[in-house]
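# Close look at the chain arrangement
Residue-level listing of the chains:
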Amino acid sequence: MNLKEDIARLKKEKNAIILAHYYQEPEIQDIADYVGDSLGLSQKAAETDADIIVFAGVHFMAETAKILNPTKTVVLPDLEAGCSLAESCPPEAFEKYVKAHPNHTVITYVNCSAEVKALTDIVCTSSNALKIVESIPKDTPIIFAPDRNLGKYIIKETGRDMLLWDGSCIVHEAFSIEKLIKLHKEYPDYKIIAHPESEEHILKTATYIGSTSGMINYVKTHSYQKFIVATEAGILHKMQQEVPNTELVPAPAKEDNTCACSECAFMKVNTMQKLYDCLVNERPQIKVSKEIRERALLPIERMLELSK
Ligand code: 13P
Ligand code: SF4
């Protein structure tokens, strides 16, 4: 059995599209129809005319695709592909928090559940967060959830005072500032680029901060040829394909003495075999109730409109 060929055949037979995030295994990225960041993936999901969307990413990403495409079949190779950030914001607790702060505009980072999106005024991703926050009138108070690191970064960049939910990503909080400084001493001519889910002390060392697509664009459009990359290590695959002559070094994690990189265990539960199986069986499927879907759709559509 040749998984690559069988997946390509099934995809055609069933009019399916494979959308993959940069943190997926290299072989999954290579067979995908589109590889991108959270914004690009939701834009692709919004415009596709495929009958089946195979989402090679994590649950909140596939759920966003389902909210945008209620009549299509959306499958995730493994339903265990969660996200620590999404988990750090339980809907019941968030609802209480929102109710305790009336008159606030609620902005949520796309890394959250459909139930949390249903409590939201406008969704954002790491590539449009500054623009979305700046679109809110200056005298309107804002609640930002669930990522405190991205929230702090937005406050610093925009000067807006926002109430922050105390959530975080275990992968981006795993970077060690001591090891990063040591690594930078060994590679003094390398520039550090970082994802805004990283902690403030990591971001302070970076010459560029942005989403996964933003980071790839940055290395592509700068003639500089040496970078230390502070985000999930899966990004190095596509980045290296885009800039074959550039030296890329992953930022080191605190607990990692064998390999110098950070990996998202949630992203990595998806495999080529599971991807093939979900195309054959058309499950596991993503389900969202009508009531939650209708409420969660509005803040996603507002974000897509502002991101055109
Ligand atoms: P991007 O939207 O930048 O790809 O981020 C997604 C994510 O989960 C980062 O950890
Ligand atoms: Fe969630 Fe972090 Fe994994 Fe991204 S890297 S999917 S934020 S746990």
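It should be emphasised that the depicted structure is a prediction, and the values quoted were computed from it without experimental measurement. (Residues numbered from 1 in each chain as written. Chains lettered and ligands numbered in written order. Predicted model: local features only at pLDDT ≥ 70, side-chain atom pairs only at ≥ 80, totals over all residues. Heavy atoms only, no water.)

Another point: helix α10 (residues 177–186). Within the span of α10, buried status applies to Ile 177, Leu 180 and Leu 183. For α10, the buried positions fall inside an angular range of 120 degrees around the axis, keeping them on one side. Across α10 from its buried face, at more than 90 degrees, point the exposed residues Glu 178, Lys 182, Lys 185 and Glu 186. As for α10, its buried residues are in contact with β9 (191–194), α11 (200–203), β11 (226–230) and β12 (247–250). Where α10 starts, the residue carrying a side-chain oxygen 3.4 Å from the main-chain nitrogen of Glu 178 turns out to be Ser 176. (Buried < 20%, exposed > 50% of the residue type's maximum accessible area, 1.4 Å probe, protein only. Helix = DSSP H or I, 4+ residues; strand = E, 2+ residues; numbered from the N terminus. Arc of directions from axis to C-beta. Contact = heavy atoms within 4.5 Å. Polar contact = N/O pair within 3.5 Å; in protein donor to acceptor, adjacent residues only side chain to side chain.)

Axis separation between helix α12 (residues 212–221) and helix α13 (residues 235–242) bottoms out at 10 Å; the angle between their running directions is 30 degrees. Relative to α13, the element α12 is oriented roughly parallel. For the pair α12 and α13, the sense of crossing is right-handed. Contacts from Thr 212, Met 215, Ile 216, Val 219 and Lys 220 of α12 reach α13 at Ile 235, Lys 238, Met 239 and Glu 242. (Axes fitted to C-alpha atoms, helices over the stretch in contact; angles between N-to-C directions. Parallel < 35°, antiparallel > 145°, perpendicular 65-115°, else oblique. Left-handed = near helix turned anticlockwise from the far one by under 90°.)

Inspection of the region around ligand 2 gives Tyr 23, Val 58, Cys 83, Ser 84, Leu 85, Asn 111, Cys 169, Val 171, Glu 197, Cys 264, Phe 266 and Met 267 as its neighbouring residues. Taking a 2 Å distance to the grid points as the criterion, the majority of the atoms of ligand 2 fall inside the largest cavity. (Near = heavy atom within 4 Å. 1 Å grid on protein atoms, 1.4 Å probe; cavity = no way out; pocket = protein on both sides within 12 Å on 5 of 7 lines; lining within 4 Å. Sits in = over half its atoms within 2 Å of the grid points.)

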